Amino acid sequence: MSLKTDLSHELQRLRGQGAQRVSLTAPGGVSLSIDFTAIDTLGCTFLEIALDVPALQNSAFDKLKKWAEELSQRITYLLEHLAPLEFDPVAGEVMIRSVPPDTLPDGTQYYEVLLQSHSGGHFSLKRYRSEKGTPGRTQVEMLTSIEVLLKLADDLVDTIPSGTP
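Residues numbered from 1 in each chain as written. Predicted model: local features only at pLDDT ≥ 70, side-chain atom pairs only at ≥ 80, totals over all residues. Heavy atoms only, no water.

Draft legend 1. Highlighting helix H3 (residues 146–158). Here H3 spans 18 Å end to end across 13 residues, near enough to the 18 Å set by a 1.5 Å rise per residue. Looking at H3, one finds that the buried residues are Ile 146, Leu 149, Leu 150, Leu 152, Ala 153, Asp 155 and Leu 156. Taken together, the buried residues of H3 touch helix H1 (3–14), strand S2 (31–39), strand S3 (43–52), helix H2 (61–74), strand S8 (122–131) and strand S10 (142–145). (Helix = DSSP H or I, 4+ residues; strand = E, 2+ residues; numbered from the N terminus. Expected span 1.5 Å × (residues − 1). Buried < 20%, exposed > 50% of the residue type's maximum accessible area, 1.4 Å probe, protein only. Contact = heavy atoms within 4.5 Å.)

Shown next as C-alpha cells:
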C-alpha cells in the first residue's frame, strides 16, 4: 500500500474523533506524522504535518535546496503560494514561507515550511498568525479537504530528492 492509501484508511477510521496524532511509515523508512485537531467526512484540521527522511540525514545542502524548490513549484493548491526564503547551509536548513502572506484586517497568516538535513532529514509544515501591534506570532490550525491533504502527502514524498547524500 502507498502512504496515500494508508493515510486515507486512517482518516476514515478516525472520522469524528477529537485530537489525534497519526504516524505512518513509507518505503525507505520515510515517516509521516500529522497532529490532527478534527477529522470529518470532507475535511480536517491539523497543527502540523511532519516528514522524516533518514536518507537526507547530513545530505549536501544543494539537495535540501532542490527539495525546497521542487516543493514550492509543486504545492500550488494551498491558500498562498510557497517560496524558499531563507537558506542556512551551516545549520542545514531551508525556510519556505507563504509569498505573499494572507493579509487580514488585523494582521497576517502564513504557512511556514522548515527543511532540515542535520536533524534526520526533517520536513515540517505549520501555519502562523501575527497580529498588528502585537509582537510574535501564534500557531494556528490548518483546514484542508481530505483530498488536498492526501495530495499534499503524496507530493511531499514524491519530491524527496533521490540518490545518496
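Draft legend 2. Spatial organisation of the packing of aromatic side chains. If you walk through the whole model with that rule in mind, you get 3 aromatic pairs. Seen from their ring centres, Phe 36 and Phe 46 are 6.2 Å apart, and the 75 degrees between their planes marks the pair as edge-to-face. Placement of Phe 36 in strand S2 and of Phe 46 in strand S3 is noted, with a sequence separation of 10 residues between them. Relative accessible area serves as the criterion here: at 1%, Phe 46 is assigned to the buried category. Aromatic pair Tyr 110 and Tyr 128: ring centres 5.9 Å apart, planes at 35 degrees, arrangement tilted. Pair noted here: Tyr 110 is in strand S7 (residues 107–116) and Tyr 128 is in strand S8, with a separation of 18 residues, a long-range link. With respect to class, Tyr 110 is no different from Tyr 128; both count as buried. When the ring centre of Phe 87 is taken as reference, the NZ or CZ atom of Lys 65 above it lies at 5.6 Å. Cation over ring: Arg 127 sits above Tyr 111, and NZ or CZ is 4.3 Å from the ring centre. (Phe/Tyr/Trp six-rings, centres within 6.5 Å; stacked < 30°, edge-to-face > 60°. Lys NZ or Arg CZ within 6 Å of the ring centre and 35° of its normal.)

Draft legend 3. Expanded view of unusual backbone geometry. Here the residue pair Val 99 and Pro 100 is connected by a cis peptide bond, since its omega of -10 degrees sits within 30 degrees of zero. Residue position: Pro 100 is located in the loop between strand S5 (93–98) and strand S6 (102–104). Residues other than glycine seldom take positive phi values, yet Asn 58 does so here, at roughly 55 degrees. Along the chain, Asn 58 turns up in the loop between S3 and H2.

Draft legend 4. Quick look at the pairing of S7. Burial runs high along S7: 9 of the 10 residues are buried. Relative to S7, S5 is paired through 5 bridges, and the arrangement is antiparallel. Note that in S7 the partner of Met 95 across the bridge is Leu 114. In this structure, the hairpin formed by S6 and S7 is closed by a connection of 2 residues. Of the strand pairs in this sheet, S7 and S8 are connected by 10 bridges, and their pairing is antiparallel. The residue of S8 that forms the bridge with Gly 107 is Glu 131. (Pairing = 2+ DSSP bridges.)

Draft legend 5. Quick peek at the pattern of salt bridges. All told, the structure shown has 12 salt bridges when counted by the stated rule. Measuring nitrogen to oxygen at the nearest pair gives 3.2 Å for the salt bridge that ties Asp 35 to Arg 21. Of this pair, Asp 35 sits in strand S2 while Arg 21 sits in strand S1 (residues 20–25); the two residues are 14 residues apart in sequence, bridging distant segments of the chain. We note a salt bridge from Arg 129 to Glu 131, for which the minimum N-O separation is 4.0 Å. (Salt bridge = Lys/Arg side-chain N within 4 Å of Asp/Glu carboxyl O.)

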